[in-house]
Amino acid sequence: MLDRLRTLSESSDFADHYGTFFPDLKPFAAFTLGLCRGQTLAHSGVPLRAFYLIESGAFKAVRLGSDGQSQIMAFYFPREVMGLSAFAEQAYVSDLIALTPSVVHAIPASVLHHSPQPAQELLGIFVHLLSEQLARAEQDKLMLGVCSGTQKIASFLLDLQEKIRRADADPSCFELPMTRQEIGSYLGMTMESISRLLSLLQEQDIVQVNKRHIRILREDQLRLWRDDGFDKAFSSRRQQRRA
């Protein structure tokens, strides 16, 4: 299972579809919206009216569980499309909330019912992106089901790094748009566990942490954390220091 997780994480197709299709999608947008931090772009259960292409900023997708507790299902960054999961029910399945001041381009769902050629082109792109989201959902299911806490936080940081790289920003030094509590909600962990694991990463000189500011110092060690867990990563790091 962990080999499957590693394959999904490192697949070039899995990583690059959004960046590839971003310029192709923008011409389909009918209008552009600016949102403030904390503003809700779409509510769960509301009929699908548009897909949203992120120009800048970041979002979280929040779903209310049967127990009344909210659960973060995904984080979205520039060049990603939100709303694709609304296809089946023709309604949004989660609240889309801006984590930072953000700008999105709205692609009306009605475009898919217009003239055949543009509709086919857009549908083809959406099929590619939906396949990527399904692969990501498979990765998340594996991560939450079989991975340890150390593997979860390492996988999260590496995934976030790839999203930032795709947005043409510095992938080694970035600001977390979400709180540690929000990271915990997404990973199925407590805020205290997230803080403890980030501290362990810093103690091992793998990352530098200053509140929400993250600098990745050793991506290779972070991948070792993800792939083999903390015990092997710590052993490898200790052997390097002795050499």
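Now for a quick tour of the structure. (Residues numbered from 1 in each chain as written. Predicted model: local features only at pLDDT ≥ 70, side-chain atom pairs only at ≥ 80, totals over all residues. Heavy atoms only, no water.)

Another aspect to go through is the overall build of the protein chain. Each helix and strand counted, the protein chain has 8 helices and 11 strands in total. Here the protein chain, with 243 residues, has 47% of them falling under the buried criterion. Across the protein chain, the fraction of contacts at a sequence separation of at least 24, relative to all contacts at a separation of at least 6, is 75%. (Helix = DSSP H or I, 4+ residues; strand = E, 2+ residues; numbered from the N terminus. Buried < 20%, exposed > 50% of the residue type's maximum accessible area, 1.4 Å probe, protein only. Contact = heavy atoms within 4.5 Å.)

Turning our eyes to something else, we now look at the sheet that holds strand β10 (residues 207–210). Ordered in space as β9-β11-β10, the 3 strands form an open sheet in which the pairing is antiparallel. Of all strands in the sheet, those with a lone pairing partner are β9 (173–175) and β10, marking the two edges. Sheet twist, expressed as the average angle between the axes of neighbouring strands with direction ignored, equals 15°. In the sheet, β9 pairs with strand β11 (residues 213–216) via 3 bridges, with the strands oriented antiparallel. (Pairing = 2+ DSSP bridges. Axes fitted to C-alpha atoms, helices over the stretch in contact; angles between N-to-C directions.)

Glancing now at unusual backbone geometry. Residue Asp205 is not a glycine yet carries a positive backbone phi of 60°. Take Asp205: it is sitting in the loop between α6 (191–203) and β10. By relative accessible area, Asp205 is classed as partly exposed at 36%. Look at Lys211: it is not a glycine, yet its phi comes out positive at around 60°. Tracing the backbone shows Lys211 in the loop between β10 and β11.

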